[in-house]
Amino acid sequence: MITRKSWMEFRNTGLLFLINQILHAFGWAIVIEVHDDETEIYPARVDFRGFSEEVTDRDYKKISKYLLDNSQQLYRETSDSLSD
């Protein structure tokens, strides 16, 4: 099953931050630019590595909240796929 989600919903989970932490090690990032009525998403080469402590703390809280809110469903999904 696939449920389409928006880039902003993905970003609000903190998962974009987590993926970009990995990509930064290789000098890459996924960039989301939000304009008035348009969102542009693209991969980019970057010369910085990592995020500020403030951004890291904020997005780790987002990830923790996502896990708190979705842990039972994530467990059910993996349990269902293992029993197939």
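To start, this report covers the structure provided alongside it. Quantities reported herein were computed from a predicted structural model and do not represent experimental measurements.

## Structural notes on the packing of aromatic side chains
The geometry of an aromatic ring pair comes down to the distance between the two centres and the angle between the two planes.
At step 1: Scanning the entire structure with this criterion turns up three aromatic pairs.
At step 2: Both rings, one in Phe17 and one in Phe51, keep their centres 5.0 Å apart while their planes meet at 50 degrees; by these two values the pair is tilted. Taken together, the positions of Phe17 in helix 2 (residues 15-24) and Phe51 in the loop between strand 2 (39-45) and helix 3 (53-82) put the pair 34 residues apart, joining distant regions of the chain.
At step 3: Among the aromatic residues, ring-to-ring pairing joins Phe17, Phe51 and Tyr60 into one connected group.

## Topic: the pairing of strand 1 (residues 28-34)
At step 1: By the bridge criterion, seven bridges tie strand 1 to strand 2 in an arrangement that is antiparallel. Across the sheet, Ala29 pairs through a bridge with Ala44, a residue of strand 2.
At step 2: Count of turn residues in the strand 1/strand 2 antiparallel hairpin: four residues.

## Considerations on the layout of surface pockets
At step 1: Estimated volume of the largest pocket: approximately 450 Å³.
At step 2: Residue lining of the largest pocket: 13 residues in total, with Lys5, Glu9, Tyr66, Asn70 and Gln73 positioned closest to the centre.
At step 3: Sort the elements by how many residues they give to the lining of the largest pocket and helix 3 lands first, with five residues.
At step 4: Residues belonging to the lining of the largest pocket are distributed by class as follows: six nonpolar, four polar and three charged.
At step 5: If you trace the second largest pocket, you find 16 residues lining it, with Arg11, Leu16, Asn20, Phe51 and Asp59 closest to the centre.

## Considerations on the pattern of salt bridges
At step 1: Summed over the entire model, instances satisfying the criterion amount to four salt bridges.
At step 2: Across the pair Glu9 and Lys5 runs a salt bridge, and its minimum N-O distance is 3.5 Å.
At step 3: Residue class for Glu9 comes out partly exposed when judged on its relative accessible area of 39%.
At step 4: The residue Lys65 makes a salt bridge to Asp69 at a minimum N-O spacing of 2.6 Å. Of this pair, Lys65 and Asp69 both sit in helix 3, four residues apart, roughly one helical turn.
At step 5: On the basis of relative accessible area, Asp69 is assigned to the partly exposed category, the value being 47%.

The rules behind the values
Residues numbered from 1 in each chain as written. Predicted model: local features only at pLDDT ≥ 70, side-chain atom pairs only at ≥ 80, totals over all residues. Heavy atoms only, no water. Phe/Tyr/Trp six-rings, centres within 6.5 Å; stacked < 30°, edge-to-face > 60°. Helix = DSSP H or I, 4+ residues; strand = E, 2+ residues; numbered from the N terminus. Pairing = 2+ DSSP bridges. 1 Å grid on protein atoms, 1.4 Å probe; cavity = no way out; pocket = protein on both sides within 12 Å on 5 of 7 lines; lining within 4 Å. Points joined across faces, edges and corners; volume = space filled by probe spheres on them. Nonpolar A, V, L, I, M, F, W, Y, C, P; charged D, E, K, R; others polar. Salt bridge = Lys/Arg side-chain N within 4 Å of Asp/Glu carboxyl O. Buried < 20%, exposed > 50% of the residue type's maximum accessible area, 1.4 Å probe, protein only.

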